[in-house]
Amino acid sequence: LDVLLGRAIRLDLDSLFAKLVVARRGGYCFEQTTLLSAALSHIGFQPAAHSARVIYIRPRHEAPRTHMFLTVLVNGTTYMVDPGFGGHGPLVPMPLVADAVVRDGRDAHRLVRRDGEWVLEAEIDGSMKPLWTSPLAVEQPVDFVMANHFTSTYPQSPFVTMLMLRAILPDGRRVTVANRDVTVTTDGVAEKSQLSDRKALRTLLADRFGFDLPEAERLRVPAVRSEEHTSE
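Residues numbered from 1 in each chain as written. Predicted model: local features only at pLDDT ≥ 70, side-chain atom pairs only at ≥ 80, totals over all residues. Heavy atoms only, no water.

1. A short note on empty space enclosed by the protein
Summed over all chains, the structure comprises 1 cavity of 30 Å³ or more. There is about 40 Å³ of room inside the largest cavity. Elements supplying a minimum of two residues to the lining of the largest cavity: β5 (101-104) and β6 (107-114). For the lining of the largest cavity, a count of residues per class yields 5 nonpolar, 1 polar and 3 charged. (1 Å grid on protein atoms, 1.4 Å probe; cavity = no way out; pocket = protein on both sides within 12 Å on 5 of 7 lines; lining within 4 Å. Points joined across faces, edges and corners; volume = space filled by probe spheres on them. Helix = DSSP H or I, 4+ residues; strand = E, 2+ residues; numbered from the N terminus. Nonpolar A, V, L, I, M, F, W, Y, C, P; charged D, E, K, R; others polar.)

2. A few points about the sheet that holds strand β9 (residues 164-168)
Pairing is antiparallel in the open sheet, where 4 strands are placed in the order β9-β10-β11-β12. One side of each edge strand has no neighbouring strand; the edge strands of this open sheet are β9 and β12 (189-194). Going from strand to strand, the sheet's axes swing by 15° on average, the running direction of each strand aside. Here 5 bridges tie β9 to strand β10 (residues 174-178), and the two strands are oriented antiparallel to one another. What sits directly across from Met164, in β10, is Ala178. (Pairing = 2+ DSSP bridges. Axes fitted to C-alpha atoms, helices over the stretch in contact; angles between N-to-C directions.)

3. Observations regarding the pattern of salt bridges
The full count for this structure, using the stated rule, is 14 salt bridges. The salt bridge partner of Arg7 is Asp2, with a shortest N-O separation of 3.0 Å. Classification of Arg7 by relative accessible area gives partly exposed; the value is 30%. Here Asp171 makes a salt bridge to Arg173, at a shortest N to O gap of 2.7 Å. Its relative accessible area of 23% is what places Arg173 among the partly exposed residues. Linked through salt bridges whose partners overlap, the residues forming this network are Asp2, Arg7, Lys19, Arg25, Glu31 and Glu215. (Salt bridge = Lys/Arg side-chain N within 4 Å of Asp/Glu carboxyl O. Buried < 20%, exposed > 50% of the residue type's maximum accessible area, 1.4 Å probe, protein only.)

4. Focus on the layout of surface pockets
Considered as a void within the structure, the second largest pocket measures approximately 230 Å³ in volume. Around the second largest pocket sit 16 residues that line it, and Thr34, Ser37, Ala49, Met68 and Pro141 are the ones nearest its centre. When contributions to the lining of the second largest pocket are tallied by element, the ones reaching two or more residues are α2 (29-42), β1 (48-54) and α3 (141-153). Examining the composition of the lining of the second largest pocket, we find that 4 residues originate from one element, α2, more than from any other. Looking at the lining of the second largest pocket residue by residue, the class counts come to 11 nonpolar, 4 polar and 1 charged.

5. Here's the deal with unusual backbone geometry
One non-glycine residue, Asp99, lies in the positive phi region at around 70°. The phi dihedral of Asp125 falls on the positive side, at around 55°, and the residue is not glycine. Here Asp125 is to be found in the loop between β7 (117-124) and β8 (127-134).

6. Description of the confidence of the model for the protein chain
In this model, the protein chain carries an average pLDDT of 94, and 97% of its residues clear a pLDDT of 70 or more. Contacts from residues 227-232, a stretch scored under 50 in pLDDT, to residues over four places away or in other chains number 29 contacts. (pLDDT = per-residue confidence, 0-100. Contact = heavy atoms within 4.5 Å.)

This is the structure in structure tokens:
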């Protein structure tokens, strides 16, 4: 939302805490993962940050390294932790073990080795599909500053052109918004609807995402061209 409102995405901890915790707002991978990394470090862990190419909707050669995730060593076992992928991403830590399927309710994920890299796969429509690929090199904070700038300003970035939201409600329901399309999934059953205008978007944010954002009523989304819809 902030990208579409023309606001800079800041990765310093004070800004992240104010946005994600105090204001109860969400954020994309650089924000969620940077804040989680700081929290893990504060309680005594030593998380390592990594970048990945998102290959769920595009081939590897068209996917820059614009996703951020962590690995954490716990009692001799390294876990992959990915709080900011959204969509089909895992909601639980995954041991960094090739081909081990991790199940969490209806979700199933695994990490596999392919072409010298680690690939995260998710079970989607009955088969395992790749989400991202990473060499698992340890990255420095400045690398994510650069990737964050690209992701939030490049004219063809999906975050610049599309409205993308996701929430997991306390009762387990999942709410996904892609431009005007809203999907609420309950126990694997999806209910679909469309946002009629920007006021409907603001109401959805308050009802499903837990915060009021008056600026949503002037949000502009380049991927939606019709002026009659909220995601214009």
